[in-house]
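# Residue-level structure breakdown
Each chain, written out:
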Amino acid sequence: MAASPQSVSLLGRHNRLVLDDMLATLVVDGYLLAEDAKQVRMGSRSGRSTVELHPLVLVANAKLPNQRDPGRPLSLEALTEWLARQAQLPYLKIDPMKINVAAVTQVVSRAYAERHRILPVAATAGEVTFATCEPFDNGWAADLSQMIRRDVKRVVSNPIDINRYLAEFYGVQRSIQLAQDAKGLGTPSGILNFEQLLELGKSGEVGADDRHVVHIVDWLLQYAFEQRASDIHLEPRRDAGLMRFRIDGVMHKVFELPPPVMTAVTARIKILSRMDVAEKRRPQDGRIKTRSSAGREVELRISTMPTAFGEKVVMRIFDPDIVAKDFSQLGFSVEEDAAWRSMVERPHGIVLVTGPTGSGKTTTLYSTLKHLATPELNVCTVEDPIEMVSPEFNQMQVQPAIDLDFAMGVRTLLRQDPDIIMVGEIRDLETAQMAVQASLTGHLVLSTLHTNDAPSAITRLLDLGVAHYLIQSTLTGVVAQRLVRTLCPHCKQETGQDAHEWTALTHGWSVPLPEKVFKPVGCLECRNTGFMGRTGIYEMLPLSARLRGLISSQLDLGHFGHAALAEGMRPLRISAAAQVARGVTTVQEVLTVIPPIEHGAV
């Protein structure tokens, strides 16, 4: 929508935006009532502080109704988009994940950016893009273009984001530079002797690089929490180390660090997670407990691995609000919820959760244990490693160095008067036999296996060497699961269903095409991916008397699978089809995670 000449002249008659002019234009354009504008004007005059707020922020803080969009307040983003239209400039919601911070902060100094309230957001050989919240103050653009000998492009962004990222980008980049320069590490080939730095710290002399490395690590962790990352990857390379986040299962490049600074950041993280800083040849594991900016306790599990250019670090983030959920938040349908409860709310038996790494097994087990753990019960776990420390459980970690494996752990737990035992994973015959023994002696055992579907868990136990009659008498049920990205509720759009895709998903099942299906679009809320968060799809296999009778040492998996279907088991793809029909996800997303159809598969 093009701006009217009157609007532009009114807003642009001063270099900087003036609240009175902006309110008058909002009234003329039909966004505000005259009475509401008067209220904002009077409030700004009576509550004027030493810090001048941007006019957009003053109006947004009043939370006034948007007359163009009844029922919703006039938000800062809506006002920023309106201002961009008035100035006939592109609007940009700043996404820090898409900005090369090292490149843009080299274009202009922090002092210059702060003076003109601008933020460089993209830089190429011929053009630099600046975000501004003062689109009519453009005198700097021509001068700057001559100085940097590149074209200057302006976009409009909200003032809070500009101020925040201006401080963050330049602050982090300065910390990186100072950390690099403090010990004479100006060249990328330099190697940071971080052990010496630590010795200085112990003697009371705080090195400049130490302080800046601390700042970089603190920023990295808080940034990851804000971006809903599940994992942080620090990957050393010859020329520049990479920082990457995994968000909703997809990797995103975040930042590049000079190799010496990457080495220092790695060492800082190893100190925080109580690892041996001097040992760089062997993999190590550790954990950090910290708080997010919202005040929630967050656990991080740290793993290091030696590579050609240094130690690679992966930090897995365990937010208690994400790892332990109510059953309703796991993605269970009403039928799946009932089936799962019938399996885990028994006094004894073995319940297995199967799926590949990253399919949500840990979340399902922790959420189940949280549901089952009451003051009357003794809940014990043996894990490798402990994913998340919880006050409701008694948790033991496997220690291979002292021969404390899963089997020894379960054997120990059986002498601890447990009611419920969770075994991190059944990997070998001895662990499987101890789980069976625990079940036979009246305990509920929860554990995981790595199989593609639920019926395959039976053959996996047989392959490990567990006697078929023991499986018959102890196994209560198996659940196979996957995680799929869920459509962003703010921007998903209804679309026509592709019958061919639907047939590929349902594979011979007579599942009618849903009346409504949705497609991803992309908006500010979901970082233009079209997806926000993930949910589970499940294949529930409760073992009925008939299915138990089919378990033998020479089990025919195909026959057993068809019998399970006849008993009411719904395969993963049909559970997924139900999620598509409910508008939760898409067929294309589901087809990327479910196992392919094999000959004779169900």
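As the structure is a prediction and not an experimental result, all values here were calculated from the model.

### Some words on the sheet that holds strand 10 (residues 349-354)
Strand order across the open sheet formed by seven strands is 12-11-13-14-10-15-18, with mixed pairing between neighbours. The open sheet has two edge strands with one neighbour each: strand 12 (394-397) and strand 18 (531-542). The sheet shows a mean angle of 20° between the axes of neighbouring strands, direction not considered. As defined by bridge partners, strand 10 adjoins strand 15 (residues 475-487) across five bridges and the pair is classed as parallel. Along strand 15, the bridge assignment pairs Leu352 with Val478.

### Some remarks on the pairing of strand 5 (residues 241-247)
Burial analysis of strand 5 places five of its seven residues in the buried class, the great majority of the element. In terms of strand pairing, strand 4 (residues 231-235) meets strand 5 through five bridges, oriented antiparallel. Looking at strand 5, one finds that Asp231 is bridged to Arg246. In this structure, the hairpin formed by strand 4 and strand 5 is closed by a connection of five residues. With seven bridges joining them, strand 5 and strand 6 (residues 250-257) adopt antiparallel strand pairing. Note on strand 6: the bridge partner recorded for Arg246 is Met251.

### What about the confidence of the model for the protein chain?
Summing up the model confidence of the protein chain, the mean pLDDT is 85 and the portion of residues at 70 or higher is 90%. Helix 10 (residues 194-202) is the least confidently modelled element of the protein chain, averaging 33 in pLDDT, while strand 10 averages 96, the highest of any element. For residues 1-8, every residue scores under 50 in pLDDT, and the model assigns this stretch 10 contacts once sequence neighbours within four places are set aside. Confidence over residues 183-209 falls short of pLDDT 50; this stretch has 33 contacts with residues more than four positions distant or in other chains.

### Remarks on the UniProt feature "domain: Bacterial type II secretion system protein E" (unreviewed entry) in the protein chain
Taking the numbering used here, the UniProt-annotated feature "domain: Bacterial type II secretion system protein E" (unreviewed entry) corresponds to residues 414-428. As annotated, residues 414-428 has a helix share of 0% and a strand share of 27%, and its two end C-alpha atoms lie 18 Å apart.

### Some details on the packing of helix 20 (residues 499-506) against helix 23 (residues 572-581)
Between helix 20 and helix 23, the shortest axis-to-axis distance is 8 Å and the interhelical angle comes to 140°. One element, helix 20, and the other, helix 23, form an angle in the oblique class. Residues Trp502, Ala504, Leu505 and Thr506 of helix 20 form the contact with helix 23, whose own contacting residues are Arg573, Ile574, Ala577 and Val580. Considering only residue class, the contact of helix 20 with helix 23 consists of six nonpolar, one polar and one charged.

### Some details on the side chain of Ser359
Inspection of the secondary structure puts Ser359 in the loop between strand 10 and helix 15 (361-372). Take Ser359: its relative accessible area is 3%, and that puts it in the buried class. A polar side-chain atom of Ser359 sits 2.7 Å from the main-chain carbonyl oxygen of Pro356. Setting aside chain neighbours within four positions, we find Ser359 in contact with Gln481, Arg482 and Leu483.

### Observations concerning the sheet that holds strand 4
Ordered in space as 6-5-4-9-8-7, the six strands form an open sheet in which the pairing is antiparallel. A strand with exactly one partner marks an edge of an open sheet, and here the two such strands are strand 6 and strand 7 (284-291). Neighbour-to-neighbour, the strand axes of the sheet open up by a mean angle of 20°, direction not taken into account. Bridge analysis of strand 8 (residues 297-307) against strand 9 (residues 310-318) gives nine bridges, and the strand direction is antiparallel. Bridge assignment links Leu300 to a residue of strand 9, and that residue is Ile317. With respect to the sheet, helix 12 (residues 259-272) is in contact with strand 4, strand 5, strand 6, strand 7, strand 8 and strand 9, its orientation differing from that of strand 9 by roughly 50°.

Calculation rules
Residues numbered from 1 in each chain as written. Predicted model: local features only at pLDDT ≥ 70, side-chain atom pairs only at ≥ 80, totals over all residues. Heavy atoms only, no water. Pairing = 2+ DSSP bridges. Helix = DSSP H or I, 4+ residues; strand = E, 2+ residues; numbered from the N terminus. Axes fitted to C-alpha atoms, helices over the stretch in contact; angles between N-to-C directions. Buried < 20%, exposed > 50% of the residue type's maximum accessible area, 1.4 Å probe, protein only. pLDDT = per-residue confidence, 0-100. Contact = heavy atoms within 4.5 Å. UniProt positions renumbered as here; feature names shortened; annotations may be inferred. Parallel < 35°, antiparallel > 145°, perpendicular 65-115°, else oblique. Nonpolar A, V, L, I, M, F, W, Y, C, P; charged D, E, K, R; others polar. Polar contact = N/O pair within 3.5 Å; in protein donor to acceptor, adjacent residues only side chain to side chain.

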